Amino acid sequence: MGPPTVTIGSYPDYPSAQRVVDYLADNRFPVEHTAIVGTNLTLVETVLGRMTTGRAALVGAGTGAWFGLFIGLLFGIFTAGNNWIAVILVALVVGAIWGAVFGAVAHAMTGGQRDFTSASSLRAGQYAVIVDEQFAEQARQLIGRMHLTAAPQER
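Residues numbered from 1 in each chain as written. Predicted model: local features only at pLDDT ≥ 70, side-chain atom pairs only at ≥ 80, totals over all residues. Heavy atoms only, no water.

Trainee: Explain the packing of helix H2 (residues 53–77) against helix H3 (residues 84–109) here, please?
Mentor: When two helices pack together, their arrangement is given by the angle between their axes and by how far apart the axes lie. The N-to-C vectors of H2 and H3 enclose an angle of 150°; their axes lie 5 Å apart at closest approach. Put simply, H2 runs roughly antiparallel to H3. For the pair H2 and H3, the crossing hand works out as right-handed. (Axes fitted to C-alpha atoms, helices over the stretch in contact; angles between N-to-C directions. Helix = DSSP H or I, 4+ residues; strand = E, 2+ residues; numbered from the N terminus. Parallel < 35°, antiparallel > 145°, perpendicular 65-115°, else oblique. Left-handed = near helix turned anticlockwise from the far one by under 90°.)

Structure below.
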């Protein structure tokens, strides 16, 4: 599990916690004994847009084209003569067609249950900087100096 740890500070955002660890590193603190821990996690799903059958087919065509290109390159390596370009192009086109078909069919099979695209992310409400217990006092002293040097600049 590891050595016992101590929280030396809590911050409202990740950049603030990151600045503290960066300051510790700049002052030769053994940062390998440090961690930034996000608490009060929230899952945020950002809706990017509407998903139609046509858009699903287009996304599938793109994915299929990449896969077809990969397969075409593999087969093209073993093709004699100048036909390797034709092999790659055929594989790319076939991959795009099959990808479009599968994308459209997969979207149609959802029956309208998920007609949007989204991106999910985890966000923390607070970020704690923790250190191994044996280094806690040294870290607190350094952070105290950090706040003393930062105070005059904030005016």
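Further notes follow.
Trainee: Which parts of the structure should I look at to understand the nonpolar core?
Mentor: Across soluble globular proteins, you tend to see nonpolar side chains buried next to one another. In terms of nonpolar packing, the biggest core is built from 19 residues, with Ile8, Val20, Leu24, Phe29 and Val129 touching the most fellow members. Only strand E1 (5–11), helix H1 (14–26), strand E5 (126–132) and helix H4 (136–150) provide two or more residues apiece to this core. If sequence neighbours within four positions are ignored, phenylalanine 29 has contacts with Leu24, Thr34, Val131, Phe135, Gln138, Ala139 and Leu142. (Core = buried A, V, L, I, M, F, W, Y, C linked by side-chain atoms within 4.5 Å. Buried < 20%, exposed > 50% of the residue type's maximum accessible area, 1.4 Å probe, protein only. Contact = heavy atoms within 4.5 Å.)

Trainee: Help me out: how do you make sense of unusual backbone geometry in this one?
Mentor: Excluding glycine, a negative phi dihedral is what most residues carry, and trans is how most peptide bonds are arranged. Phi is positive for arginine 28, close to 60°, though the residue is something other than glycine. When its relative accessible area of 76% is taken as the criterion, arginine 28 is described as exposed. With a phi close to 55°, asparagine 40 is a non-glycine residue in the positive phi region. For asparagine 40, the location among the structural elements is in the loop between strand E2 (34–39) and strand E3 (42–50).

Trainee: What am I meant to see in the packing of aromatic side chains here?
Mentor: A ring pair, where both rings are aromatic, is described by two values, the distance of the centres and the angle of the planes. This model, assessed by the stated rule, comprises three aromatic pairs. Ring centres of tyrosine 14 and tyrosine 127 lie 5.7 Å apart, and the angle between their planes is 70°; this geometry places the pair in the edge-to-face category. Taken together, the residues span a long stretch of sequence, with tyrosine 14 in helix H1 and tyrosine 127 in strand E5 at a distance of 113 residues. Taken together, a centroid distance of 6.1 Å and an interplanar angle of 80° make the contact between phenylalanine 29 and phenylalanine 135 edge-to-face. Taken together, the residues phenylalanine 29 in the loop between H1 and E2 and phenylalanine 135 in the loop between E5 and H4 connect sequence positions 106 residues apart. The residues phenylalanine 29 and phenylalanine 135 share a single accessibility class, namely buried. (Phe/Tyr/Trp six-rings, centres within 6.5 Å; stacked < 30°, edge-to-face > 60°.)

Trainee: I tried to follow the sheet that holds E5 on my own but got confused; where do I start?
Mentor: Hydrogen bonds between backbone groups are what pair the strands of a sheet, and the pairing can be parallel or antiparallel. Strand order across the open sheet formed by three strands is E1-E5-E2, with antiparallel pairing between neighbours. Each end of this open sheet is capped by a strand with a single partner; those strands are E1 and E2. Strand-to-strand, the axes of this sheet are offset by a mean angle of 30°, without reference to chain direction. Across six bridges, the pairing between E1 and E5 is antiparallel. Residue pairing across strands places threonine 5 opposite aspartate 132, the latter belonging to E5. (Pairing = 2+ DSSP bridges.)

Trainee: Even after reading the chapter, I still don't get the pairing of E5, so can you show me in this structure?
Mentor: Along any regular strand, the residues point their side chains to alternate faces of the sheet. With six of its seven residues buried, E5 lies for the most part within the structure. Summarising the sheet, E2 and E5 pair through six bridges and their orientation is antiparallel. Each bridged residue has a counterpart across the sheet, and for valine 37 the counterpart in E5 is alanine 128.

No statement about biological role is implied by the geometric values presented.
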